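Residue-level structural notes
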Amino acid sequence: MKQTFFQQLRSHFKHGLSAELAEPQRWVGSFLFALTILFLFAFALGDLEEKMKVQVLTAEFFLCSFFVLQITHLRIFAAEEEDKAVDIIQSYPTVMSTYYIAKVLLAILFSALIIFPFLGLMILLHGFPALTGKFALIAALSVVSLSALGVLLSWMTQKAFGRELLFPLLYFPLAVPVLLSAVQASFCLWGLAPEAMFLKWLSLLSGLCVIYFTLGFLLFDEITGWE
Amino acid sequence: MNLTKKDKKAFFLGAGVFAALVLVWTSAAWLVPAEAFQGEVYRILYIHVPSASCAFLCASLLFGFSIASLVKKSPQAQFGLWARASAEIGLFFTVLTLATGSLWGKPTWGTWWTWDARLTTTFVLALLYGAYLLLESSMPAGILRQKVCAVMGVLIFADVPIIYKSVTWWRTLHQPPTLNFAGSVPMDGPILRTLIFSLVLCVASCLWFVWQRSANLRLRLLFEDQSFRQWRGV
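These numbers were taken from a predicted model, which means no experiment stands behind them.

Before going further, it helps to spend a moment on the overall build of chain A. Across its full length, chain A carries nine helices and zero strands. Tracing chain A from N to C terminus, the helices and strands come up as α-α-α-α-α-α-α-α-α. Relative to the 2.2 N^0.38 estimate, which gives 17 Å for 227 residues, the radius of gyration of chain A is 19 Å and therefore close to what a compact globule would have. Out of the 227 residues belonging to chain A, those deemed buried represent 50%. Long-range contacts, defined as pairs at least 24 residues apart, comprise 80% of the intrachain contacts of chain A with a sequence gap of at least 6. If you sum the accessible surface of chain A, you get close to 10,400 Å²; carbon and sulfur atoms cover 70% of it. One finds the centroid of the 13 positive side-chain charges in chain A at a distance of 6 Å from the centroid of its 16 negative side-chain charges.

Next up on the list: the overall build of chain B. For chain B, the helix and strand inventory stands at seven helices and zero strands. The N-to-C order of helical and strand elements in chain B reads α-α-α-α-α-α-α. Going through the 234 residues of chain B one by one, you find that 44% of them count as buried. Considering only residue pairs separated by 6 or more positions, chain B has 75% of its internal contacts joining residues 24 or more positions apart. Surface accessibility of chain B: about 12,600 Å² in total, with carbon and sulfur atoms responsible for 69%.

Here we take up a nonpolar patch on the surface. Residue and element names in this part refer to chain B. Together, Leu103, Trp112, Trp113, Trp115 and Phe123 give the surface a local cluster of nonpolar side chains, amounting to about 570 Å² of exposed area. One can find Trp113 in the loop between α3 (77-109) and α4 (117-137). Classification of Trp113 as partly exposed rests on a relative accessible area of 30%.

Attention shifts here to the pattern of salt bridges. All names here are of chain B. Across all of its chains, the model carries three salt bridges over all chains by this definition. Of the charged contacts, one joins Arg84 and Glu136 as a salt bridge, the two residues approaching to 2.6 Å between their closest N and O atoms. Of this pair, Arg84 sits in helix α3 while Glu136 sits in helix α4, and the two are 52 residues apart along the sequence. The pair formed by Arg84 and Glu136 is uniform in burial state, with each residue classed as buried. Residue Arg213 is joined to Glu88 by a salt bridge in which the shortest nitrogen-to-oxygen separation is 2.3 Å. Separated by 125 residues along the polypeptide, Arg213 in helix α7 (residues 189-232) and Glu88 in helix α3 bring together distant segments of the chain. On the basis of relative accessibility, which here comes to 23%, the residue Arg213 falls in the partly exposed class. One continuous salt-bridge network, built from bridges that share partners, spans Arg84, Glu88, Glu136 and Arg213.

Residue and element names in this part refer to chain A. The terminal C-alpha atoms of helix α6 (residues 96-126) lie 44 Å apart, and with 31 residues this matches the ideal 45 Å at 1.5 Å per residue to within 8%. In α6, a bend of some 35° at Ala112 exceeds every other bend along the element. After α6 finishes, the residue Gly127 shows a positive phi value of roughly 65°.

In this section: empty space enclosed by the protein. All names here are of chain A. Using the criterion set out here, one finds one cavity of 30 Å³ or more in the structure. Of the volumes computed, that of the largest cavity is approximately 40 Å³. Every residue lining the largest cavity is listed: Phe61, Phe62, Ser65, Phe66, Ala139, Ser142, Val143, Leu146 and Leu179. Secondary-structure elements contributing two or more residues to the lining of the largest cavity are α3 (50-74) and α7 (133-156). Split by residue class, the lining of the largest cavity holds seven nonpolar, two polar and no charged.

Attention now moves to the packing of α3(B) against α7(B). Residues and elements named next belong to chain B. α7 packs onto α3 with a crossing angle of 130° between their chain directions and a minimal axis gap of 8 Å. Overall, the two elements α3 and α7 adopt an arrangement that is oblique. Seen from above, α3 lies across α7 with right-handed handedness. Facing α3, whose interface residues are Gln78, Leu81, Trp82, Arg84, Ala85, Ser86, Glu88, Ile89 and Phe93, α7 presents Cys202, Ser205, Cys206, Phe209, Val210, Trp211, Arg213, Ser214, Leu217, Arg218, Arg220 and Leu221. Looking at side-chain class alone, the contact of α3 with α7 contains twelve nonpolar, four polar and five charged residues.

Next up on the list: the layout of surface pockets. Residues and elements named next belong to chain B. There is about 520 Å³ of room inside the second largest pocket. What lines the second largest pocket is a set of 19 residues, among which Leu81, Ala141, Gly142, Arg145 and Leu221 lie closest to the centre. Those elements that provide at least two residues to the lining of the second largest pocket are α3, α4, α5 (143-157) and α7. Here the residues of the lining of the second largest pocket are counted per class, giving ten nonpolar, three polar and six charged.

A separate point is the packing of aromatic side chains. Residue and element names in this part refer to chain A. Summed over all chains, the structure comprises 27 aromatic pairs over all chains. Ring geometry for Tyr100 versus Phe220: centroids 5.2 Å apart, planes at 35°, classification tilted. Taken together, the residues span a long stretch of sequence, with Tyr100 in helix α6 and Phe220 in helix α9 (residues 198-220) at a distance of 120 residues. You'll find Tyr100 and Phe220 in the same group, each marked buried. Clustering of aromatic rings is evident, with ring pairs tying together Phe77, Tyr99, Tyr100, Trp155, Phe213 and Phe220. Residue placement shows Lys134 over the ring face of Phe198; its charged tip is 5.3 Å from the ring centre.

A separate point is the confidence of the model for chain A. Any residue range with low pLDDT should be treated as having predicted coordinates unsuitable for detailed reading. The predicted model of chain A averages 84 in pLDDT, with 96% of residues at 70 or higher. Ranking the elements of chain A by mean pLDDT puts helix α5 (residues 85-91) of chain A last, at 71, and α7(A) first, at 92.

Within the largest apolar cluster, 117 residues are counted, with the highest numbers of intra-cluster contacts made by Phe61(A), Leu153(A) and Met152(B). Looking at which element gives the most residues to this core, the answer is α6(A), with 14 residues. The contacts of Phe61(A), once residues within four sequence positions are left out, are Ile115(A), Phe118(A), Leu119(A), Met122(A), Phe128(A), Phe135(A) and Ala139(A). Val32(B), Leu45(B), Ile191(B) and Leu195(B) belong to the second largest nonpolar core, which has seven residues in total.

The rules we used
- Residues numbered from 1 in each chain as written.
- Chains lettered and ligands numbered in written order.
- Predicted model: local features only at pLDDT ≥ 70, side-chain atom pairs only at ≥ 80, totals over all residues.
- Heavy atoms only, no water.
- Helix = DSSP H or I, 4+ residues; strand = E, 2+ residues; numbered from the N terminus.
- Rg over C-alpha atoms; globule rule 2.2 N^0.38 Å.
- Buried < 20%, exposed > 50% of the residue type's maximum accessible area, 1.4 Å probe, protein only.
- Contact = heavy atoms within 4.5 Å.
- Areas by Shrake-Rupley, 256 points an atom, 1.4 Å probe, with all protein chains shown as cover.
- Lys, Arg positive; Asp, Glu negative; His and termini not counted.
- Charge placed at Lys NZ, Arg CZ, Asp CG, Glu CD.
- Patch = residues over 30% accessible without salt bridge, like charges linked within 9 Å, V, L, I, M, F, W, Y side chains within 5 Å.
- Salt bridge = Lys/Arg side-chain N within 4 Å of Asp/Glu carboxyl O.
- Expected span 1.5 Å × (residues − 1).
- Bend = angle between axes of the 7 residues up to and from the residue.
- 1 Å grid on protein atoms, 1.4 Å probe; cavity = no way out; pocket = protein on both sides within 12 Å on 5 of 7 lines; lining within 4 Å.
- Points joined across faces, edges and corners; volume = space filled by probe spheres on them.
- Nonpolar A, V, L, I, M, F, W, Y, C, P; charged D, E, K, R; others polar.
- Axes fitted to C-alpha atoms, helices over the stretch in contact; angles between N-to-C directions.
- Parallel < 35°, antiparallel > 145°, perpendicular 65-115°, else oblique.
- Left-handed = near helix turned anticlockwise from the far one by under 90°.
- Phe/Tyr/Trp six-rings, centres within 6.5 Å; stacked < 30°, edge-to-face > 60°.
- Lys NZ or Arg CZ within 6 Å of the ring centre and 35° of its normal.
- pLDDT = per-residue confidence, 0-100.
- Core = buried A, V, L, I, M, F, W, Y, C linked by side-chain atoms within 4.5 Å.

Put into structure tokens, the structure is as follows:
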């Protein structure tokens, strides 16, 4: 019996989740990276004036998010690759877009498990003024955009030579507009940029989120099943 | 060396376009008057603006060929070759835009480079073209490579509106677009006419480059295929 779209999505998500939880060392690397950033910036902040401190903390948060997501994306298909499970999945009458969405959800879940506690520590240790709904929205949109993009690129580079080098080269230039709009929107919140511009930056960020997710959803089917 | 009729036509067409371009640039350097505020340095505009337009044009071509690659269900290597040629020529014109902008920036802004929004986003476009070419050359030939590169071509195009609008969205050093569809162009007649001529000829040379480069790539593919067949003894 053929499964519905949501049943397929649930199966892929559950399978991916159990594969990730079976080997926690997969995401410990991202966690240690976030801790390193936190320690490094804690020392660097020193006697910075308040305005500068907020700017540096904003950069710290998005820098951490960018690299945590990059590490997550690089190995998002690793479990299936090791077990040759992708070939089995492709042989089923499954809509590959459900596989893509499941992987995006997993990337969001596992990076959020690191990024949001990291944000909590930044608020506790440095008084980062991020306890607002608007900042949560900016952070969420950035994570979704980068995940939608990262999962697509990760699949695209699966069969490429020198994948570990190639992935950041593709990911970085496409992630730059997301990071710039997220940083600018945050600056509008902290009063470091005109407040009237907040909606414009948020619109750009939302636009990129929609574009990357829609392109990933529509194009993922095209780049699977051609080997 | 035996040139076919088509080769001769391509050669004379290219030679004609380049001769006209050299003529326009020569007149831009000697005959068109200097600009009232910037003096002689403004003349770099006759290379900078057309090359920036060609960089955008190549992104549009890349997008078009990528979409065609994805829509055509049968393996059509042809579109892949056109797309690769567009990316190569796009990279050339983007680097030319950055270099001429930098040459103009030193006497005008007092610096070779600044992390201005327009400069940064154009630099990102150069990186994207480079990334496309790296991706294409690091995958084994076949339909998968064609599809993956087509997806990358579509993603690159998403960056173009951001670069174009960066001067209005961000507060930047770079001036807003001078040539626009609104009708008011703050330029003298001779300057504007020369700029439009160089723009049209630069676009023609860009299209010629893409055409010739894709023909060159097709030839290479043919040679590789034939040498592989000889090696296999087919």
